[in-house]
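What follows is each chain in one-letter form.
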Amino acid sequence: MSGPSSSNDSPIRSLRSTESAEEAAFFKRIVRESLDGFIIMNEEGTIVFANEAVGTLFGYDGDELVERSIATLFPEQYRETYLEEFYQYTHEPDATVEYTGVERVGLRRTGEEFPLSFSLREHTYRGQRLFTAILRDISEQRRQQDELEAATEKYQTLVETAPDAIFVADAETGVLQEANRAAAELLKRPKDEIEGMHQTELHPTEETGRYERMFRGHQEEGGVFEENHDLTVVDSTGARIPVAINSKITELNGRKVIQGIFRDISERKHREDALNALHETTQRMFETASSQTICTHAVTTAAEILEFPLSGIHFKADDADALEPIATTGDIAGTLDGSVPTFTPEDPFVWDVFETGEPRVVPDVQATDEGAARDTPIRSIIVVPLGEHGVFITSSESVREFDRIDFDLVRVLAANTEAALTRAERERAIARQRDELTTLNRINAIVRDINQALVAAPTREEIERTVCERFAASDVYHGALVGTLSAAEQGLSVQTAAGIDDAYLEAVANEGAETENGVAAMALRSDTVQVVEDVRSDPAFPTSIRAQAAARNFHSVACVPFGHGETTYGVLVVYASEPTVIGAREQAVFGELGEMIGHAINAAESKKLLYSDRILELEFSLTGTGSFFVETSAELGCSFTLNGVVPTANESYLFYVTSSGVPTEDVIERAETSSSIEHVRRIQGDERDSTLELLIRGTQTTAQALIEHGAYIRGGTITDGEGTLIAEAPANTEVRPFVEAVEAVYPNATLLAKRDRKHPLHPTPGLHYEVETELTARQLEILSAAYLAGYFDYPRTSTGADLAETLDISSPTFHQHLQAAQRKVFSLLFHNRDEGA
């Protein structure tokens, strides 16, 4: 391409020389002052005119560009291409080159390149063929376009990679125009199949109208639409998927669209449904006081609602370090071949959770050191503590079966279960306390009635019968019986009964082997109240008569031993018509009842002895026994004579004996070293013959056993380890209980003789009966001890201070009781004499 022409008739000169005033105004107004750059060229590409905007655009002044080639305005690397296109346009009429809004790269005078818009039009001016180019700097437009393209690309990337499904629908028609990858995954359809669907086709067919109204409502109201309640989409398989929808109307590529973000809330919906189900389960659990029912509700919920079919609850055993199954799902037994394990401290997976109170998830049991050696199909487990109750276990045959939601749901279920168990336990405790109070009140009422009735019962037989009758007459108990155990008879021997039919009593008599080790025998041997709260299930109740008891509606039993001192007379067996709660306070009341019956029997036996005109004298051989007096007599070669025995208030016995034939100090020294002698004191005598006072506590003796059975110790002698003890019992009384009482203390003791004699005290024993009645036990004790210890002798062999020390009371107290006793005795004596006069 050649440079511009220099002939005298060039277009430039021609354009300038022929320019009229009118034409100059035209150019000035339209061209020169235009914001766009105007260039006029000839067909060779030489610039014949350039306005000011072109100079500003390219960095040239005035007419510097005139007579220059158009190629000056373009970078060198583009000039050849641009000029070839220009020549095609100007010299080839059939050329298809377009020069309207063509983008080119311009070159400023400074060397800076910039984008510009280039439009070219041909026209003839005064017979000359000219071309006008309009140039516009499109740097800002290009920058905006680049930013738009970058933003569009970013938008497309964000949409495509978004985790939630995104649908773009035409706001007018509702037809889906775009969908991202997550949308395709949600609906299980390819994107090209989704695009073109109507928005209502995303949802269940029967709810088309509802979703159409929602779409139109959003279209009319505009703004942002948010909804997550009861919305679903349907995938290609027909499955319904709960979703939350967030949509907004916007402009996209010049059209109004509704862009919707659909979030799959299946897991959240599942969690919400599970939590609602857990809430309902918790309500059911809180409505029962049964631990078994609570645990059954819990594991059923785990299987049916949380979809954990291998679940169970294990409770801490009462009597062992073990966690025993209390409730399990049906699949557990099948998975474990019918054997649900009991966990011990050797099972760290479960036991550590129970002890530490920290839940544990084991993704793969067999991948741990503890589980590698186990032969079990279980591979993963969740163990959650239930406080002091035990643990909740969920397991699976798959590895890493559980996620965070599973763990949280199991913890919620376990926490609710623990709360229900604790509440039920508290309610049971309150109910038990209420029942115990009711039972206590009923027992106290019966005991008060029995106490009043015992005053009028003169014999042991009447006392025992009265007690049984009072229980039989109550509205709580069926009846009662009194029984004993003896060496001669096997099993429980019934002495009397009330409210119990003969057939049942016969069944008890025929089952000696079991009753000998039953709950009544346990009460007799332990001398403590024994309770069977449920006859049907408690192993302490004899199995052989359980059916007989159930047939008579005997539900619970209390066995109350009764006796006096160290002697147990028998056992009171009380039958209740319903399971009766008998706590520590009730058992204490029953224990007091046993003591009351024992005291009454002892008093009745003593009165019987004193009031009787005749007595039965029993002589026992103590030779070969382990008695302190027998052994000391044999070893020291001395003799002992028993002067009397006084029971004291603190369950000890004072023995007053005369020692002879050996230095008294030897006897005292031996007594002081004996474990059975608590106190020894010489009352009177010389070096070899002395009267001694010995206090024996906590060790049962022959004399003690006989006294507690209602006998009176007349005396006894022991010489060189051989001797006898003589006791008096009421006439016509059964001898066997006395013999058994003595043999229970010393098996080698034997009954030498029994003699029926007239009462030795005086011909009218009524005074002694009155003395026994009027004096308190403490007054009688002090009066007897004072008499035997020589307090009334002259000179006195024991002072009040001596006896007060022996009896462990103060001297003023001793004298107060003694004077009161003397006054009562003298009153009875002189009152009776005056009446006789």
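Enquirer: Explain the packing of aromatic side chains here, please?
Expert: Each aromatic ring pair is characterised by the separation of its centres together with the angle its planes make. Overall, the coordinates contain 20 aromatic pairs when judged by the stated rule. Taking the centre distance of 4.9 Å and the plane angle of 80 degrees together, the rings of Phe74 and Tyr82 count as edge-to-face. We note that Phe74, like Tyr82, is buried. With a centroid separation of 5.2 Å and 85 degrees between ring planes, the pair formed by Tyr504 and Phe554 is classed as edge-to-face. Taken together, the residues Tyr504 in helix H16 (residues 502–510) and Phe554 in the loop between helix H19 (546–551) and strand E20 (556–564) connect sequence positions 50 residues apart. Among the aromatic side chains, those forming a connected cluster through ring pairs are Phe74, Tyr78, Tyr82 and Phe118. Between the NZ or CZ atom of Arg108 and the centre of the ring of Phe114, over which it lies, the distance is 3.9 Å. Arg210 extends its terminal NZ or CZ atom over the ring of Tyr211, reaching a point 5.1 Å from the ring centre.

Enquirer: What should I look at first to understand unusual backbone geometry in this one?
Expert: In most cases, non-glycine residues show a negative phi, while peptide bonds are predominantly trans. Here the residue pair Tyr794 and Pro795 is connected by a cis peptide bond, since its omega of -5 degrees sits within 30 degrees of zero. Relative to the helices and strands, Pro795 is located in the loop between helix H26 (777–788) and helix H27 (800–806). In the Ramachandran plot, Lys188 falls in the positive-phi region, its phi being about 55 degrees despite a non-glycine side chain. By secondary structure assignment, the location of Lys188 is in the loop between helix H6 (181–187) and helix H7 (191–194). Its identity as a non-glycine residue notwithstanding, Asp527 has a phi of 55 degrees, on the positive side.

Enquirer: Got a minute to help me understand H26 in this structure?
Expert: Residue pairs three or four apart in sequence face the same way in an α-helix, which turns once every 3.6 residues. In this model H26 runs 17 Å from its N-terminal to its C-terminal C-alpha over 12 residues, within 8% of the 16 Å that 1.5 Å per residue would give. Along H26, the residues classified as buried are Arg778, Gln779, Glu781, Ile782, Leu783, Ala785 and Ala786. Of the residues trailing H26, Gly790 is marked for its positive phi of about 85 degrees.

Enquirer: Explanation requested: the pairing of strand E22 (residues 614–621) in the structure shown.
Expert: The side chains of a regular strand alternate between the sheet's two faces. Along E22, 7 of the 8 residues are buried, which leaves the element largely enclosed by surrounding structure. For E22 and strand E29 (residues 750–758), the ladder comprises 8 bridges, and the chain directions are antiparallel. If you follow Ile615 over to E29, its bridge partner there is Arg757. Pairing analysis gives 7 bridges linking E22 to strand E28 (residues 722–730), with the strands arranged antiparallel. Residue pairing in the sheet places Glu619 in a bridge with Ile726 of E28.

Enquirer: Got a minute to help me understand the sheet that holds strand E21 (residues 567–576) in this structure?
Expert: Backbone-to-backbone hydrogen bonds join strands into a sheet, with any given pair of strands oriented parallel or antiparallel. Spatial strand order, E18-E17-E21-E20-E19: 5 strands in an open sheet with antiparallel pairing. Single-partner strands in this sheet number two, and they are strand E18 (493–498) and strand E19 (530–532). Each strand axis lies, on average, 20 degrees off the axis of its neighbour in the sheet, ignoring direction. Across 5 bridges, the pairing between strand E17 (residues 477–484) and E18 is antiparallel. Across the sheet, Leu481 pairs through a bridge with Ala497, a residue of E18.

Enquirer: Mind showing me how you'd approach the environment of Gln548 here?
Expert: Considering the arrangement of structural elements, one finds Gln548 in helix H19. Owing to a relative accessible area of 31%, Gln548 belongs among the partly exposed residues under this scheme. Placed 41 residues apart in sequence, Gln548 and Ala507 show a C-alpha to C-alpha distance of 7.8 Å. If near-sequence neighbours (up to four positions away) are discounted, Gln548 is found in contact with Tyr504 and Ala507.

Enquirer: I would appreciate a short explanation of the nonpolar core in the present structure.
Expert: Note that soluble globular proteins tend to have their nonpolar side chains buried in a common cluster. Formed by 41 residues in total, the largest nonpolar core has its most connected members in Phe629, Val645, Phe655, Leu694, Leu706 and Ile713. Ranked by residues supplied to this core, first place goes to helix H24 (residues 736–745) with 5 residues. Non-local contacts of Val645, meaning those with residues more than four positions away in its chain, are made with Tyr653, Leu654, Phe655, Ala703, Ile707, Ile713 and Leu788. Formed by 31 residues, the second largest nonpolar core is a distinct cluster that contains Ala457, Phe471, Phe590 and Ile597.

Enquirer: Would you mind going over the pattern of salt bridges with me for this structure?
Expert: Any two side chains of opposite charge can pair, on the condition that their charged atoms come close. The full count for this structure, using the stated rule, is 37 salt bridges. The partner of Arg379 in a salt bridge is Asp364, with the nearest N and O atoms 3.0 Å apart. Taken together, the positions of Arg379 in the loop between helix H13 (369–372) and strand E15 (380–385) and Asp364 in the loop between strand E14 (360–362) and H13 put the pair 15 residues apart, joining distant regions of the chain. Here Arg379 falls in the partly exposed class, since its relative accessible area comes to 23%.

Enquirer: Please explain helix H15 (residues 460–473) as it appears in this structure.
Expert: Between its first and last C-alpha atoms H15 spans 20 Å; for 14 residues at 1.5 Å apiece the expected length is 20 Å, and the two agree. Of all the positions in H15, only Arg460, Ile463, Glu464, Thr466, Val467, Cys468 and Phe471 are classed as buried.

Enquirer: So what exactly am I meant to see when it comes to the environment of Asp164 here?
Expert: With respect to the helices and strands, Asp164 occurs in the loop between helix H5 (139–161) and strand E6 (165–170). Classification of Asp164 as buried rests on a relative accessible area of 13%. Along the primary structure Asp164 and Ala182 are separated by 18 residues, whereas in three dimensions their C-alpha atoms are 5.8 Å apart. Residue contacts for Asp164: discarding those within four places in its chain leaves Asn180, Ala182, Ile261, Phe262 and Arg263.

Parameters and conventions
Residues numbered from 1 in each chain as written. Predicted model: local features only at pLDDT ≥ 70, side-chain atom pairs only at ≥ 80, totals over all residues. Heavy atoms only, no water. Phe/Tyr/Trp six-rings, centres within 6.5 Å; stacked < 30°, edge-to-face > 60°. Buried < 20%, exposed > 50% of the residue type's maximum accessible area, 1.4 Å probe, protein only. Helix = DSSP H or I, 4+ residues; strand = E, 2+ residues; numbered from the N terminus. Lys NZ or Arg CZ within 6 Å of the ring centre and 35° of its normal. Expected span 1.5 Å × (residues − 1). Pairing = 2+ DSSP bridges. Axes fitted to C-alpha atoms, helices over the stretch in contact; angles between N-to-C directions. Contact = heavy atoms within 4.5 Å. Core = buried A, V, L, I, M, F, W, Y, C linked by side-chain atoms within 4.5 Å. Salt bridge = Lys/Arg side-chain N within 4 Å of Asp/Glu carboxyl O.

Spatial relationships are all this shows, so hold off on functional conclusions.
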